[in-house]
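# Descriptive structure summary
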Amino acid sequence: TAHRFLITLERVGAVRSTKRGYFALGSKIEELAWIAEETDSLQQVLQPMIDALSAGLNESVMVCRLARHGPICVAVANSSRAISVNISIGTLLPLHATAQGKLWLAEMTLAERKAKLGALPLPGSHVPLLDHAALDAKLEEVKAQGYALNLGENEPDIAAVSVPVKNDAGKTVLTLSVFGMLSRFDEAFQQKALDRLCETADRISQNI
């Protein structure tokens, strides 16, 4: 049984055979270790900036990286409000119904977008079936304006404003967003949040 388990681990790259009966850690474990180390150092850079942004807006802030099945939270500054929306590092968000996901989708070609969304299960029964034509139109708008909104699309009472964090080549590597109760995200707050988010995204871009 132990041998069969080791052979399975070898097939997925978690271990490698060094000689008959002996195994060492494989390339997959090395890759995961590199990701964990990179994420930890990234969080150290991000945390002071998103803490300040959260305090200034009095709402929660998060940074996401694109994972295989959608945006995943890699850093968060939870609001100190008595009633607030909080999230944990490692939380996976749906692509099509979140502000963070829309930013990633907006950078994809139509073919890439269709393939990505077609392979994903819908995240919850409250989320309606995808209208691809309407979504494509919305994503073109997101691409043109450079930011995305979620006004109760993923969760009925939760809103978010998100902007991309780009590398030197102009490609989105992270998303930065502020999120909270929908009732607090009127147009005035959305504009205030957008201004602060863009300023912070620029600073993050210069430090990663």
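The structure this text deals with has already been given above.
Summary of the structure given here. Residue numbers restart at each chain and count upward from 1, following the sequence in its written direction. A pLDDT threshold of at least 70 governs which residues receive local features in this predicted model, and a stricter bar of 80 or more applies before side-chain atom pairs are shown or counted, although totals over entire chains, interfaces and linings include all residues. Excluding hydrogens and water, the side-chain figures rest on all heavy atoms present in the structure.

## A few points about the overall build of the protein
When its secondary structure is counted, the protein shows six helices and seven strands. Here a strand is any run of E in DSSP of at least two residues, a helix any run of H or I of at least four, and the numbering for each starts at the N terminus. Reading the protein from its N terminus to its C terminus gives the helix and strand order α-β-β-α-β-β-α-α-α-β-β-β-α. The rule is simple: take the accessible area with a 1.4 Å probe, protein chains only, and divide by the maximum for that residue type; under 20% is buried, over 50% is exposed, in between is partly exposed. Taking all 208 residues of the protein together, the buried fraction comes to 38%. Contacts: residue pairs with any heavy atoms within 4.5 Å of one another. Restricting to contacts in the protein with at least 6 residues of sequence separation, those with at least 24 account for 53%. In the structure as shown, the protein presents an accessible area of about 11,700 Å², 55% of it carried by carbon and sulfur atoms. Calculation of accessible area relied on Shrake-Rupley with a 1.4 Å probe; when residues are assessed, cover is drawn exclusively from the protein chains displayed.

## Let's talk about the pattern of salt bridges
By definition, a salt bridge exists where a carboxyl oxygen of Asp or Glu is found within 4 Å of a side-chain nitrogen of Lys or Arg. On inspection of all chains with the given rule, the structure shows six salt bridges. Between Arg184 and Glu59 there is a salt bridge, with the nearest N and O atoms lying 2.6 Å from each other. Highlighted residues: Arg184 in the loop between strand S7 (172-181) and helix H6 (187-207) and Glu59 in the loop between helix H2 (27-57) and strand S3 (60-67), separated in sequence by 125 residues. In this structure, Glu107 engages Lys166 in a salt bridge whose closest nitrogen and oxygen atoms are separated by 3.2 Å. With Glu107 in helix H3 (residues 99-107) and Lys166 in strand S6 (residues 158-166), this residue pair connects regions lying 59 residues apart in the sequence. Taking the relative accessible area as the measure of exposure, Glu107 reaches 31% and is therefore partly exposed.

## Brief notes about the pairing of strand S4 (residues 70-77)
Among the eight residues that make up S4, seven are buried, leaving the element largely enclosed by the rest of the structure. One bridge is not enough; two strands pair if DSSP finds at least two bridges between them. The pairing of S3 with S4 spans seven bridges and is classified as antiparallel. When the sheet's bridge partners are listed, Arg65 is paired in S4 with Ile72. As consecutive antiparallel partners, S3 and S4 are separated by two residues.

## A short note on the environment of Phe23
In this structure, Phe23 sits in strand S2 (residues 22-25). Given a relative accessible area of 27%, Phe23 falls into the partly exposed group. Put simply, Phe23 and Ile7 are 16 residues apart on the chain and 9.7 Å apart in space, counted from C-alpha to C-alpha. In this structure, Phe23 is in contact with Leu6, Glu10, Val15, Arg16, Ser17 and Thr18, ignoring residues within four places of it in sequence.

## Focus on the packing of helix H4 (residues 110-118) against helix H5 (residues 132-145)
Angle between the axes and distance between the axes are the two parameters that describe a pair of packed helices. H5 packs onto H4 with a crossing angle of 125 degrees between their chain directions and a minimal axis gap of 12 Å. In terms of orientation, H4 and H5 fall into the oblique class. Read as a crossing pair, H4 and H5 show a hand that is right-handed. Judged by residue contacts, Leu110, Arg113 and Leu117 of H4 engage His132, Leu135, Asp136, Leu139 and Glu140 from H5. An axis is simply a line fitted to the C-alpha atoms; with a helix, the fit covers only the stretch in contact. Between two such axes, the angle follows the N-to-C directions and lies from 0 to 180 degrees. Just so you know how the angles are binned, under 35 degrees is roughly parallel, over 145 roughly antiparallel, 65 to 115 roughly perpendicular, and the rest oblique. Helix crossings fall into two classes, left-handed where the near helix is turned counterclockwise from the far one by less than a right angle and right-handed where it is turned clockwise.

## Observations concerning the side chain of Ser177
Mapped onto the elements, Ser177 comes out in strand S7. A distance of 2.8 Å separates the side chain of Ser177 from the side chain of Gln100, its partner in a polar contact. Ignoring sequence-local partners within four residues, the contact set of Ser177 consists of Ser60, Val61, Met62, Gln100, Val161, Ser162 and Leu197. Any N or O atom pair separated by 3.5 Å or less is treated as a polar contact, with the protein-specific requirement of one donor-capable and one acceptor-capable atom, and with residues adjacent in sequence counted only for side-chain atom pairs.

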